[in-house]
Number of protein chains: 4
Amino acid sequence: GDWACPLNGCSVSDLRAKRLITAIKTPYLASGKVDLFAYDALVEQQIAGGVEGLIVGGTTGEGQLMSWDEHIMLIAHTAQRYGGKVKVIGNTGSNSTREAVHATQQGFAVGMDASLQINPYYGKTSRAGLLEHFEAVMDLGPAIVYNVPARTSQDIVPDIMFELAKHANFAGVKECEGNARIKQYTDNGVTCWTGNDDECHDARYDAGAVGVISVTSNLVPELMREMLFDGPNPELRDRLLPLMNWLFAEPNPTGINTACAMLGVAQPVFRLPYVPYAAALRAQGAEHLRAVGLDAVAGDGAIRDLSDADFTILRDW
Amino acid sequence: GDWACPLNGCSVSDLRAKRLITAIKTPYLASGKVDLFAYDALVEQQIAGGVEGLIVGGTTGEGQLMSWDEHIMLIAHTAQRYGGKVKVIGNTGSNSTREAVHATQQGFAVGMDASLQINPYYGKTSRAGLLEHFEAVMDLGPAIVYNVPARTSQDIVPDIMFELAKHANFAGVKECEGNARIKQYTDNGVTCWTGNDDECHDARYDAGAVGVISVTSNLVPELMREMLFDGPNPELRDRLLPLMNWLFAEPNPTGINTACAMLGVAQPVFRLPYVPYAAALRAQGAEHLRAVGLDAVAGDGAIRDLSDADFTILRDW
Amino acid sequence: GDWACPLNGCSVSDLRAKRLITAIKTPYLASGKVDLFAYDALVEQQIAGGVEGLIVGGTTGEGQLMSWDEHIMLIAHTAQRYGGKVKVIGNTGSNSTREAVHATQQGFAVGMDASLQINPYYGKTSRAGLLEHFEAVMDLGPAIVYNVPARTSQDIVPDIMFELAKHANFAGVKECEGNARIKQYTDNGVTCWTGNDDECHDARYDAGAVGVISVTSNLVPELMREMLFDGPNPELRDRLLPLMNWLFAEPNPTGINTACAMLGVAQPVFRLPYVPYAAALRAQGAEHLRAVGLDAVAGDGAIRDLSDADFTILRDW
Amino acid sequence: GDWACPLNGCSVSDLRAKRLITAIKTPYLASGKVDLFAYDALVEQQIAGGVEGLIVGGTTGEGQLMSWDEHIMLIAHTAQRYGGKVKVIGNTGSNSTREAVHATQQGFAVGMDASLQINPYYGKTSRAGLLEHFEAVMDLGPAIVYNVPARTSQDIVPDIMFELAKHANFAGVKECEGNARIKQYTDNGVTCWTGNDDECHDARYDAGAVGVISVTSNLVPELMREMLFDGPNPELRDRLLPLMNWLFAEPNPTGINTACAMLGVAQPVFRLPYVPYAAALRAQGAEHLRAVGLDAVAGDGAIRDLSDADFTILRDW
């Protein structure tokens, strides 16, 4: 009740200006602990490539597999090293209001700029419960509300979203329900980032989205930057589509994890329940990456030829 | 890897014979801690009413809002006091394999009979990932696999379920996808409990389900027992339907929580993101309960007339 | 504040009648997790040997190296399997009042008979603070207060102990300050167990102690039983002294851990900061064990000839 | 095993040059959560007063009452806001090697400059165990070893300390065993900070200590700075002695907590097992503070007249 913090994130308007935000991958050591050297290398490549914000421990970054202390450590580490250079947005939401509140308090205390807030997945609640939940977490600092019914099984419908948008700390929506929904929001002054890479070009240029919270930008930050900053470019969009589709051939972050291992930017270590793409699908990915051009892709310009035996799959970490 | 436990649950065949299993509600004190006196009273009423198994800390019991130490405490408490009288099934699944494995190990170590295992919700995985995840947890002891796409956003399709069913510790399925799906399983020798109260009569008598894992039985254990044990009874089914529909008017466990408060079997205390039904809906619930007959309903035969101010809604506990 | 539990331990008078209580060793798997098969074998040997109570997760059992969820799991497991046959006393004290209260609540909820409560070690407090701390934990159920200045750096002086002894849940003292102190208590009606094995014979027969909370009884339960139950026996006392002195040649539980590995009742696995006795000291221990008689010692009557390389020393588990 | 971190603290030589390090008090809100506004105000006053380093979550800062996630949050917060202005030294030691290693890894990952490492208190270990324990934590980054037998019950004797001093990350000793011990170290090239405020003047000018890790400097940073930087000043030493003695009239941090509440730099909120000094002792403290001069003391130059009822004593937080 009486929580207060001298660090409470960046301004909402500052956040609303960011077009390219990456849901950053978390790389692991063979032990399963976070590989901070690999992580920092990824982040530095992101910043060099023009990425403006990072979601730390998102579903892509596997926050769902972290203990909260590991999650907050990673937010703090990122804020400590890269705060000021890139917006640090902690995925401190939860389906438990208590956990979301505590994690969000801690995230701001250690220097994050904003939080990403999901509606209660799995243990779903009512409209009134949603409003109470989001109020509790938005009271703490700038927040992006995340709507992804394909994960949560519960759409945050526009009626509710417009209600949430009245809160002073509401920065905008990460919306995965498509560009028609986004247009409905942007027409009414609600800032949107699409959560769908394959729709982000049109989201920005047709539906009024400020940009994207992207998985693909882990691999091709500069090309994503170009697509979002340099005006409509259907050719670039279509060139990236096969890679994007491949990344989502199986539930994210399975694809990005596989790609990062193939590119050598992360060790081939998986925390269960995630496992790498099978060999045939990996081979297709290698073609897509080469088609995009390896000089535009994260890593050293080479693709590792990994066999199944090269991957470590962990039950514990 | 080297975990082993002298306590590893009941036999799979013993579990498969249980028709009436309750996803038991967790009652709270004003502080938000578990009200163990109220909990034990509920459990004793369940046993007296003929309930044969309990899911401890299910979505109904709000395992998603518990710390693991609280969750394991409640499983241990239940096993300690009521083991032997009722099957104690811990909802020790998780979308993190590590957490599911650890919680399931602990649950067996403290005396649970079996675990309930969900597929990774929210942070979904691939078919290969699902198989690895379930193998990790089923290796530890008897398990009921839980399929509820309306919460997980990912259907465990029959192809995968039949694969899981080969495991020696696979006891059966808690299936929420309807009676056609259940019939497909029972025709092929896979034990099923429906997770849908409103379909349980037909699941048992038409689709071959052994029974139900029920929310409604928190309130009317004897009537549920009668419906599942005394042969087809469409009249009873139809008599209970309005109450069942009311319980699911908003996402469970909002309804059961409200009902338990109205009946005085739990204090009117909610952990967020759950909030009580509004007054008008509560009034309808009172009618449904009276229509069923208060002498068949949990509690002392009276319905409390609770105003909104009588409820405590907690952000922290 | 509002905690209440239908399980709140055994009666204080029942506890006061127990002469032989073992601070049970926690054996580990190679992974560092608790070896529950080895643990149960130890416990069963204890019960067969006439031990009447167990301290679970004491300093001997390395509660200081357990997460609370592991600690409560072990209490619950012990209560579930052996409750009724032996008093299960959880070492749920802590130098943090919050942690002690929470752990003690959980311990009673899962069936422990009583708690062992230490004064705040390391982060020591004042007389008034001590009284508040002990009141908070004794309010929850039967408690044995543990005074061991050689670990806590703070003597619970008689003046304070007599104050604590007024609480209805105060069962007695585990006292390590010697038999003169014990006599001072027993002369005034305060039940005492000595915490010093080498003094236990005289504590019982000269100083009025009811008995001992013992490390040595992990190895020789029947001989300890004989010493405490069959009347004064200086010969037996003196026969056991060399073994006792060896067990405390380095800080406990280093010695008992080494002995259990040598006897094969625990795998040779150590959680740091504990390491095994060096080879020369192990050789002396083997002689002491043989002098006592291997048929009276835990295990299979054989002593393993372990080299340094046979021990696993873990930094993480 | 495979942990590595791009942030691994400051240089050992940089750390060895710091004379005045404060074991900073942790102030609380009425809820018992950390009062970050009050904390930051204290830290800023420390920096303004010439303090060169902070121990975060020391025994004075009640790290023993924090969850690790709260402890790491506070280290991260301090590093984020004040890193570069003051050395941030996390008290990430523990009597569990696993916990010490994990906390120390996290502390460096979030930007601390060095760790403070205690020997295993309460659950004491052997010489060989001590060496293994300290090696495990010193491998991670710069460390100050803390010897305080009056809390740990185990002296780290010179023989062991000289062994530890060989490690590349060994920065020096916080020694509480007095100036003769300190002289023995400094004569042999081992950097020392005394942990005894009342001896710090002589430690620096007679025994070769670089300075002090101080409790008193929470209250009078500038006077402590003067004493340590401006040459021998027995008059100043003697002027501060009554205040110092008062602060340790009961076990620290009882005194500093009381003083901070009286001075209004922390709310009068105590986490148990700590309780405030009684009224008579508070009155003496007020006299000592006035004798030193309120303009040199933390706060606004006023002393609050607190009655017992003004203090909040928390069992949970």
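Quick note: structure is the one above.
This section reports on the structure supplied with the text. Being a predicted model, the structure only gives us computed values, none of them experimental.

Check the secondary structure of chain A and you find 13 helices and 10 strands. Against the compact-globule benchmark of 20 Å for 317 residues, chain A has a radius of gyration of 18 Å, which places it among compact chains. Overall size of chain A, expressed as C-alpha extent along the three principal axes, is 55 × 45 × 35 Å. Looking at chain A residue by residue over its 317 residues, the buried ones come to 66%. Restricting to contacts in chain A with at least 6 residues of sequence separation, those with at least 24 account for 70%. Looking at chain A as shown, the accessible area adds up to about 9,500 Å², and 47% of this sits on carbon and sulfur atoms. For chain A, the distance from the average position of its 25 positive side-chain charges to the average position of its 38 negative side-chain charges is 2 Å.

A separate point is the sheet that holds strand S3 (residues 87-90) of chain A. All names here are of chain A. The parallel closed barrel is built from eight strands, whose spatial order is S1-S2-S3-S4-S5-S6-S7-S8. The sheet shows a mean angle of 25° between the axes of neighbouring strands, taken without regard to direction. In terms of strand pairing, strand S6 (residues 170-175) meets strand S7 (residues 192-194) through three bridges, oriented parallel. Across the sheet, the residue bridging to Glu 175 is Thr 194, located in S7. The sheet strands contacting helix H3 (residues 68-82) are strand S2 (53-56) and S3, and the helix crosses S2 at an angle near 160°.

In this complex, chain D contributes 42 residues to the contact, which on the side of chain C involves 42 residues. Between chain D and chain C the total buried area reaches about 3,700 Å² when both faces are included, carbon and sulfur atoms providing 53% of it. Considering only the surface of chain D that becomes buried against chain C, Arg98(D), Tyr122(D) and Arg315(D) emerge as the three largest contributors, covering 25% of it. In this assembly, chain D and chain C are joined by two salt bridges. The residue Asp139(D) makes a salt bridge to Arg315(C) at a minimum N-O spacing of 3.6 Å. The tally of links from chain D across to chain C stands at 19 residue pairs in polar contact (both at pLDDT 80 or more). Contributions of two or more residues to the side of chain D that touches chain C are made by helix H4 (97-109), helix H5 (127-138) and helix H6 (149-152) of chain D.

A word on the side chain of Asn257(C). All names here are of chain C. Turning to its location among the elements, Asn 257 is positioned in helix H12 (residues 254-263). In this structure the side chain of Asn 257 is engaged in a polar contact, spanning 2.7 Å, whose partner is the side chain of Glu 62. Discounting chain neighbours no more than four positions away, the residues touching Asn 257 are Lys 25, Glu 62, Phe 270 and Tyr 274.

Bringing the relation of the copies chain A and chain B into the picture now. For the pair chain A and chain B, the relating rotation is 180°, the translation along its axis is 0.0 Å, and the fit reaches an RMSD of 0.0 Å. These values place the two chain copies in the arrangement generated by a two-fold rotation axis. Closest approach to the rotation axis within chain A is made by the C-alpha atom of Ser153(A), at a distance of 2.6 Å. Comparing contact sets, 100% of the residues at the interface of chain A also lie at the interface in chain B, consistent with an isologous, same-surface contact.

Contact residues are listed per partner, giving 42 residues for chain A and 42 residues for chain B. Regarding the contact of chain A and chain B, the summed buried area is about 3,700 Å², with carbon and sulfur atoms giving 53% of it. The largest per-residue losses of area from chain A upon contact with chain B belong to Arg98(A), Tyr122(A) and Arg315(A), which jointly make up 25% of the total buried on that side. At the junction of chain A with chain B, the criterion picks out two salt bridges. For the pair chain A and chain B, the interface holds 19 residue pairs in polar contact (both at pLDDT 80 or more).

Residue and element names in this part refer to chain D. Relative orientation of the contacting elements H4 and H5 amounts to 15°, with a least axis distance of 9 Å. Judged by the inter-axis angle, H4 sits roughly parallel to H5. Crossing handedness for the pair H4 and H5: right-handed. Taken together, the residues of H5 that come into contact with H4 (itself represented by Thr 97, Ala 100, Val 101 and Thr 104) are His 133, Ala 136 and Val 137. Class assignment for the residues of the contact of H4 with H5 results in four nonpolar, three polar and no charged.

Take the pairing of strand S1 (residues 20-23) of chain D next. All names here are of chain D. Burial of S1 is two-sided: the residues Leu 20 and Thr 22 facing one way and the residues Ile 21 and Ala 23 facing the other way are all buried. Across three bridges, the pairing between S1 and strand S8 (residues 211-214) is parallel. Counterpart to Thr 22 in the pairing with S8 is Ser 214. Of the strand pairs in this sheet, S1 and strand S2 (residues 53-56) are connected by three bridges, and their pairing is parallel. Bridge pairing links Ile 21 to Gly 53 in S2.

Turning our eyes to something else, we now look at the packing of aromatic side chains. Applying the stated criterion to the full structure yields 18 aromatic pairs over all chains. When the ring of Tyr121(A) is compared with that of Tyr121(B), the centres are 6.3 Å apart and the planes differ by 25°; the resulting orientation is stacked. On the criterion of chain membership, the pair formed by Tyr121(A) in the loop between strand S4 (114-118) and helix H5 (127-138) and Tyr121(B) in the loop between strand S4 (114-118) and helix H5 (127-138) is interchain, its members lying in two chains. Overall, the relative accessible area of 10% leaves Tyr121(A) in the buried class. Aromatic pair Tyr121(C) and Tyr122(D): ring centres 4.1 Å apart, planes at 5°, arrangement stacked. With Tyr121(C) in the loop between strand S4 (114-118) and helix H5 (127-138) and Tyr122(D) in the loop between strand S4 (114-118) and H5, the pair connects residues from two separate chains. Tyr122(D) shares its class with Tyr121(C); the two are buried. An aromatic cluster is built from Tyr121(A), Tyr122(A), Tyr121(B) and Tyr122(B), whose rings are joined through pairwise contacts. Against the face of Phe229(A) rests Arg19(A), its NZ or CZ located 4.4 Å from the ring centre. Directly above the ring of Phe229(B) sits Arg225(B), whose terminal nitrogen or CZ lies 3.7 Å from the centroid.

As a further point, take unusual backbone geometry. Cis peptide bonds are those with omega within 30 degrees of zero, and the linkage from Leu272(A) to Pro273(A) qualifies with 20°. By the secondary structure assignment, Pro273(A) is in the loop between strand S9 (269-271) and helix H13 (279-292). For the bond from Asn252(D) to Pro253(D), the omega torsion is 15°, close enough to zero to count as cis. Within the secondary structure layout, Pro253(D) lies in the loop between helix H11 (234-247) and helix H12 (254-263). Located in the positive-phi region is Tyr122(B), a residue other than glycine, with phi close to 65°. Taking the relative accessible area as the measure of exposure, Tyr122(B) reaches 3% and is therefore buried. Its identity is not glycine, yet Ser153(C) carries a phi of approximately 65°, on the positive side. Along the chain, Ser153(C) falls in the loop between helix H6 (149-152) and helix H7 (158-164).

Reading the values: rules and limits
Residues numbered from 1 in each chain as written. Chains lettered and ligands numbered in written order. Predicted model: local features only at pLDDT ≥ 70, side-chain atom pairs only at ≥ 80, totals over all residues. Heavy atoms only, no water. Helix = DSSP H or I, 4+ residues; strand = E, 2+ residues; numbered from the N terminus. Rg over C-alpha atoms; globule rule 2.2 N^0.38 Å. Buried < 20%, exposed > 50% of the residue type's maximum accessible area, 1.4 Å probe, protein only. Contact = heavy atoms within 4.5 Å. Areas by Shrake-Rupley, 256 points an atom, 1.4 Å probe, with all protein chains shown as cover. Lys, Arg positive; Asp, Glu negative; His and termini not counted. Charge placed at Lys NZ, Arg CZ, Asp CG, Glu CD. Pairing = 2+ DSSP bridges. Axes fitted to C-alpha atoms, helices over the stretch in contact; angles between N-to-C directions. Buried area = accessible area lost by both parts, 1.4 Å probe. Salt bridge = Lys/Arg side-chain N within 4 Å of Asp/Glu carboxyl O. Polar contact = N/O pair within 3.5 Å; in protein donor to acceptor, adjacent residues only side chain to side chain. Least-squares fit on C-alpha atoms with pLDDT ≥ 70 in both. Parallel < 35°, antiparallel > 145°, perpendicular 65-115°, else oblique. Left-handed = near helix turned anticlockwise from the far one by under 90°. Nonpolar A, V, L, I, M, F, W, Y, C, P; charged D, E, K, R; others polar. Phe/Tyr/Trp six-rings, centres within 6.5 Å; stacked < 30°, edge-to-face > 60°. Lys NZ or Arg CZ within 6 Å of the ring centre and 35° of its normal.

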